[in-house]
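One letter stands for each residue in the lines below.
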Number of protein chains: 2
Amino acid sequence: MEEKEFLHVHEEVIAKVQEKMPEEERLYQLSEFYKVFGDITRVKILFVLLQGEVCVYDIACLLDMTQSAISHQLRILKQMQLVTYRREGKTMFYSLADDHIENILRLGMEHICE
Amino acid sequence: MEEKEFLHVHEEVIAKVQEKMPEEERLYQLSEFYKVFGDITRVKILFVLLQGEVCVYDIACLLDMTQSAISHQLRILKQMQLVTYRREGKTMFYSLADDHIENILRLGMEHICE
DNA sequence: CCACAATATGAATATCTGTTCATATGAAGT
DNA sequence: ACTTCATATGAACAGATATTCATATTGTGG
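Below or above, wherever it landed, is the structure these notes cover. (Residues numbered from 1 in each chain as written. Chains lettered and ligands numbered in written order. Predicted model: local features only at pLDDT ≥ 70, side-chain atom pairs only at ≥ 80, totals over all residues. Heavy atoms only, no water.)

Examining the interface of chain A and chain B
Piece 1. Taken together, the 53 residues of chain A in the interface contact 53 residues of chain B.
Piece 2. A combined buried area of about 4,900 Å² lies between chain A and chain B, and 73% of that area is made up of carbon and sulfur atoms.
Piece 3. Summed over the shared surface of chain A and chain B, the result is 2 salt bridges.
Piece 4. Where chain A touches chain B, the interface holds 12 residue pairs in polar contact (both at pLDDT 80 or more).
Piece 5. Every element with two or more residues in the side of chain A that touches chain B is listed here: α1 (11-20), α2 (24-37), α3 (40-49), β1 (54-55), α4 (56-63) and α6 (100-112) of chain A.
Piece 6. Ranked by residue count, the leading element in the side of chain A that touches chain B is α2(A), at 11 residues.
Piece 7. Among the residues making up the side of chain A that touches chain B, the classes are represented as 30 nonpolar, 12 polar and 11 charged. (Contact = heavy atoms within 4.5 Å. Buried area = accessible area lost by both parts, 1.4 Å probe. Salt bridge = Lys/Arg side-chain N within 4 Å of Asp/Glu carboxyl O. Polar contact = N/O pair within 3.5 Å; in protein donor to acceptor, adjacent residues only side chain to side chain. Helix = DSSP H or I, 4+ residues; strand = E, 2+ residues; numbered from the N terminus. Nonpolar A, V, L, I, M, F, W, Y, C, P; charged D, E, K, R; others polar.)

Below you can see the structure in the form of C-alpha cells.
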C-alpha cells in the first residue's frame, strides 16, 4: 500500500469552495432568474422586444399563440423585472427593462453557435 | 373619429420583427441551454466547479445532497456540454467545459445585484 | 476473481410549470 | 350606462422535472 491517504473527501478543495461560495439566497435568486430564460415562449417574447415596444396582441400573432398564454408569460417577465410596460388607451406596450437582457441573450447565442 | 386606422395588428412592427427573428430551432436551443441554469442544484454545482475540478462525492458533501442526485444533475450538465470529466482510478473529476460559463454566471449575478 | 469503493442509471413519485378555457377588468366611444 | 376592444386573471389539466431508492457498472487491491 502506498502512502496515499484515501480520505474520500478532499479537505482542501472543500475548504476552498466553501470560502468562495455565494450565499444560498443569491444562488437561489440566480437560478430563478435563469429559469425565466429557460422557456422558449419567453425567449421568443424577449427577442420580439429586442426590436422595440410591442403590444400584447402583436406578440401573440408573431408567436402564433393565444393572447392569454402570452399575457401569462408577460406577467412572469414583469415579476422578474425583465420587461416594463406603457399604457396607451386600451393597448399595453411592453419593452425590455434594460440592456442587460440583450447581453444575456447574445452571450447565450454565442455559446450555442460554437 | 380621427384618421387613425385601428388595425389591431401593427404591420410594420410585425414585419420588422419577423425579419430579425432567429430560427425556431435556435430559439429552442437557447431556451434549453438556459434551462440548465434554471435549477439551484446545477447552479451550485457550476459554482463549485469554478474553483477547479472536483469529484462527485465532494460535490455531494458540499451541497449536502445524495451522490445519486448529484450524478443525475452532472449527466444533464454533461449532455449540455457545460462540464467535462476526467477519470482517475475510481474517481471522476468534473470541471467546467469552457470559460463562457463563468461569464454567464457573472452576468447573471450582476443583474441580480442591481 | 472477489470484495469494496466511486459513480452511474432506471423506475417511481411528488412537485412544478405552461397552456387552455372561461371570465374579469379597464379604457374608449356612442 | 352600455358595448366593444385589449388585456389580465383564476382554475384546471397535461406534461415536464428533480429527488429518492434500489441496483448496475467500473476500477482497484488483495
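A look at the sheet that holds β1(A)
Residue and element names in this part refer to chain A.
Piece 1. Ordered by their spatial adjacency, 3 strands build an open sheet running β1-β3-β2, and the pairing between neighbours is antiparallel. Whereas interior strands pair on both sides, the edge strands pair on one side only; in this sheet they are β1 and β2 (83-88).
Piece 2. Of the strand pairs in this sheet, β2 and strand β3 (residues 91-96) are connected by 6 bridges, and their pairing is antiparallel. Along β3, the bridge assignment pairs Arg87 with Met92. (Pairing = 2+ DSSP bridges.)

Looking at the relation of the copies chain A and chain B
Here the two chain copies are tied together by a rotation about an axis and a shift along that axis.
Piece 1. In the superposition of chain A on chain B (RMSD 0.0 Å, axial shift 0.0 Å), the rotation amounts to 180°. In short, the pair behaves as if placed about a two-fold rotation axis.
Piece 2. In this assembly the copies share their binding face: 100% of the residues contributing to the interface of chain A also contribute to that of chain B. (Least-squares fit on C-alpha atoms with pLDDT ≥ 70 in both.)

With respect to the pairing of β3(A)
Residues and elements named next belong to chain A.
Piece 1. One ladder, built from 2 bridges, connects β1 with β3; its direction is antiparallel. Across the sheet, residue Cys55 finds its bridge partner in β3, namely Phe93.
Piece 2. Following β2, the chain reverses through 2 residues before pairing antiparallel with β3; Gly89 in that reversal takes a positive phi of roughly 65°.

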